[in-house]
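Coordinates in review
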Amino acid sequence: MSLYHETAEVLSATPSTTGGNLKTRIFGKKDLKSPEQQVYALALETCKWSPVLKEVIDNSELLRHERKLSPLLALLLVHDFLLSKKGIALPASHGLRASIERHKTRLNAEFTRARLRRKAGSIEALREQITTEFLGEAAGYPRWVRVNTLKTTIEDQLATTFTDFTRVLSVSEVTATPGKVLHVDNHIPNLLAISPGFEITKTEAYSSGAVILQDKASCFPAYLLDPRSEDGDVIDSCSAPGNKTTHVAAIVHSRIPENEKCSQTVYAFEKDTKRSRTLEKMVKLAGAKDITRMSFGQDFLKVDPNSELFRNVGCLLLDPSCSGSGIVGRDDMPPIHLPEIPGTIKKPLANSGRKRKREDSDTAKERSRPVLVDDDGKETLVSSEKELKARLEALSSFQLTLLLHAMKFPAAKKITYSTCSVHAEENEQVVLKALQSNVARERGWRILSRDQQVRGLREWPVRGSIEASDGNAEVAEACIRSYKDDGRGVMGFFVAGFVRDVPSAFEDGDGPYLRDDDGRIIRDPISGMPTLKPEYESSPSNSANSRNQPTQDDDTGGLEEEEDDDMDSEDASDTTTDDSDQSTTGEDEWNGFGD
């Protein structure tokens, strides 16, 4: 079965048998022969363009001449014929392709007329118009783009990918101003807010991993964790799809002193094997492979904190499964406008007006019901407040277990805990229970107060709820929240940090080098070498030795050699196009870790 037949089958399936949204229909379908991402992209883009494509097909009378084409197949094929750079993904001699291309003159002419009717001066202008209409609620939010400093700099991207963008001073201007505009974020380094209608996924920077789509709030955990070279190794406990993992790796990499090798490792855990493959692709694409180590399908909760492999782990990032109640926009099945079948007469149904009102009422009721979104984006409608409470209790119990497990790592000194939830049960209440636990008291864990947080998040105005924190104003002030629909252009999110004092070779915890306010090592302007603190200038050998201490056991010392063999090409975009290649890269390549 071709890509087009399979996509048509997905779009025509009834929700009762496949689930309500597009992702569920495609990624939950076990018998797809075409790549899931390819089916998803074709289905989504065809739905988005269907109002225009319907006009083109109807006015060109395509279905009158090609009786064997169904309306859905016609939409999918005409979409690729008119809008895909590679055209219809079938051999030139294939019957389906021929059924479209023999009408190419009329199809192109009708497409031009449809564009002019919408007063779009170019296909690019039409694309922006169609995308804005299709986004709906999400059109009120910018697209957040993190510049991946493992591969590029924000200056380079402003001069290349975003060279024809107009820079504005606020997030609200990004969504209110037509055309291509951007805002350089004030809180998170290397983060841009760009026009929601701009298709960043079609740029070379996105394909190569130089820029990464990541909501601003999703950048909070790694930035708050603030892993420094003297903090030791880092663990990301629930890593897939890999945005936060690669963000941590970029921060770690940015703090390597010149002419020195990275002495830190980012350990990435993901217990779901399929999601582990997604994580692997992301890590490769982002250029984080030299810093990151992972094993496929390994559960963080089953790892011994006292394992020799993790003896230098000083920072842990926890972003566990949650209700997903802060995610912007329900992932509903997008509407699709089907062309008319010639010769069919639409008969008005009796009481059709009443039926439509009932349907609208039912839809409104359904949309008002609480929705839980899992790690794969699948949605579950909750039938009652009682069911919601039970589900939140189960989630918060798991989240607390994960947090307490992280607190047991002997060298750990920093933890960030985050969710994309707005519910206090998963947020402030988990923080309070963790602080009151035996492991937190025995090991000296405390909340990372606001005045100790990195500058950008210290200045972030939205804090935790005092009521949800049981009246503890200090905890509430230390917690960081964001809310969708509050004008700041971010999704609903929560993050809190935990710290404790661990004996260090350096009393102030900053290591032997002077640092600026952002934690970066200050360098000599002439030589470019790191600047030692006055108390260490007399004995430079001490600082060199302390920074070059091994962070891995002899058992894992061959990791760099094994990974270097596979880094001949930086073109990581190939990793996103052929799943069969990825399935052969197993644990040997990653030198996976165990208990």
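Structural notes, computed from the coordinates. Just so it is clear, the model here is predicted, and its values are computed rather than measured.

1. Brief notes about the packing of aromatic side chains
Summed over all chains, the structure comprises nine aromatic pairs. When the centroid spacing of 4.9 Å and the interplanar angle of 90 degrees are considered together, the rings of Phe165 and Phe198 count as edge-to-face. Separated by 33 residues along the polypeptide, Phe165 in the loop between helix H10 (154-159) and strand E2 (166-167) and Phe198 in the loop between strand E4 (191-194) and helix H12 (204-207) bring together distant segments of the chain. The burial state of Phe165 is the same as that of Phe198; both residues are buried. Taking 5.3 Å as the distance between ring centres and 65 degrees as the angle between the ring planes, the aromatic pair formed by Phe220 and Trp460 counts as edge-to-face. Of the two residues, Phe220 sits in helix H13 (residues 220-225) while Trp460 sits in the loop between helix H20 (455-458) and helix H21 (473-478), which places them 240 residues apart along the sequence. The exposure classification of Phe220 matches that of Trp460, with both residues buried. Taken together, Tyr267, Phe269, Phe300, Phe310 and Phe409 form an aromatic cluster joined through their ring pairs.

2. Quick word on the pairing of strand E9 (residues 313-318)
Counting buried positions along E9 yields six of six residues, so the element is predominantly enclosed. Judged from the four bridges that link them, strand E6 (residues 233-236) and E9 form a sheet pairing that is parallel. By the bridge assignment for E9, Asp236 is matched with Leu317. Across four bridges, the pairing between E9 and strand E12 (residues 414-419) is parallel. Across the sheet, the residue bridging to Leu317 is Thr416, located in E12.

3. Things to note about the side chain of Glu199
As for its placement among the helices and strands, Glu199 is situated in the loop between E4 and H12. Each residue touching Glu199, except ones within four places of it in the same chain, is listed here: Glu45, Lys48, Arg127, Thr131 and Arg143.

4. A look at the state of the cysteines
As used here, a disulfide is simply a covalent bond connecting the sulfur atoms of two cysteines. Scanning the entire structure with this criterion turns up zero disulfides. Here Cys420 is not disulfide-linked; the sulfur of Cys322 is the nearest cysteine sulfur, at 3.4 Å. Judged by its relative accessible area of 18%, Cys420 is buried.

5. Overview of the nonpolar core
Of all hydrophobic cores here, the largest spans 41 residues; its most connected members are Tyr4, Leu69 and Ile100. When residues of this core are traced back to their parent elements, those giving at least two are helix H1 (3-12), helix H3 (22-27), helix H4 (36-60), helix H5 (62-65), helix H6 (71-83), helix H7 (95-101), helix H8 (104-117) and helix H9 (123-135). Here Ile100 is in contact with Leu62, Leu69, Leu77, Val78, Phe81, Ile88 and Leu107, once residues within four sequence places are set aside. In this structure, Leu316, Ala412, Val430 and Cys479 belong to the second largest nonpolar core, which totals 34 residues.

6. A few points about unusual backbone geometry
The peptide bond linking Ala240 to Pro241 adopts the cis configuration, its omega dihedral lying at 5 degrees. Among the secondary structure elements, Pro241 is positioned in the loop between E6 and helix H14 (243-254). Of note, the phi angle at Asn190 is positive, near 60 degrees, even though the residue is not glycine. Mapped onto the secondary structure, Asn190 falls in the loop between strand E3 (181-184) and E4.

7. Things to note about the sheet that holds E4
Taking strand neighbours across the sheet as the criterion, the five strands line up as E2-E3-E4-E1-E5 in an open arrangement whose pairing is mixed. The sheet is open, and its two borders are formed by E2 and strand E5 (211-213), each paired with just one other strand. In this structure, E2 lies alongside E3, joined through two bridges in parallel fashion. Across the sheet, Thr166 pairs through a bridge with Val181, a residue of E3. Here H14 sits on the sheet and contacts strand E1 (143-147) and E5; the angle it forms with E1, its principal contact strand, is near 40 degrees.

8. Some thoughts on the packing of helix H17 (residues 385-406) against helix H18 (residues 428-435)
Where H17 meets H18, the closest approach of the two axes is 10 Å, and the angle between their N-to-C directions is 45 degrees. By the angle class used here, H17 and H18 are oblique. Crossing of H17 against H18: the hand is right-handed. Together, Ser396, Gln399, Leu400, Leu403 and Leu404 of H17 and Val430, Lys433 and Ala434 of H18 make up the contact between the two elements. Considered class by class, the residues forming the contact of H17 with H18 number five nonpolar, two polar and one charged.

Conventions and cut-offs
Counting of residues starts from 1 at the beginning of each chain's written sequence and follows it residue by residue. For this predicted model, a pLDDT threshold of at least 70 governs which residues receive local features, and a threshold of 80 or more governs which side-chain atom pairs are given and counted, while totals over whole chains, interfaces and linings are taken from all residues. Values shown for side chains rest on all heavy atoms present in the structure; no hydrogens or waters enter the calculation. Working definition: a ring pair exists when centres of Phe, Tyr or Trp rings (six-membered ring for Trp) sit within 6.5 Å. Plane angles under 30 degrees give stacked, over 60 give edge-to-face, the rest tilted. Only runs of H or I of at least four residues qualify as helices and only runs of E of at least two qualify as strands under DSSP, and these elements are numbered from the N terminus. Exposure is judged per residue with a 1.4 Å probe applied to protein chains only, and the accessible area is read against the type maximum: over 50% gives exposed, under 20% gives buried, and values in between give partly exposed. Here, any two strands with at least 2 DSSP bridges between them count as paired. Contacts are residue-level and defined by heavy atoms, with any inter-residue pair within 4.5 Å sufficient. Criterion for a disulfide: a pair of cysteine sulfur atoms at a distance within 2.5 Å. Residues belong to one nonpolar core when they are buried, are Ala, Val, Leu, Ile, Met, Phe, Trp, Tyr or Cys, and are joined through side-chain atoms within 4.5 Å. Angles run from 0 to 180 degrees between N-to-C directions of axes, and those axes are lines fitted to C-alpha atoms, restricted for helices to the stretch in contact. Angles are sorted into four bins: roughly parallel if under 35 degrees, roughly antiparallel if over 145, roughly perpendicular if 65 to 115, and oblique for all others. Crossing handedness follows the turn of the near helix against the far one: under a right angle anticlockwise gives a left-handed crossing, and clockwise gives a right-handed one. Residue classes follow a fixed rule: Ala, Val, Leu, Ile, Met, Phe, Trp, Tyr, Cys and Pro count as nonpolar, while Asp, Glu, Lys and Arg count as charged, and any other residue, Gly among them, counts as polar.

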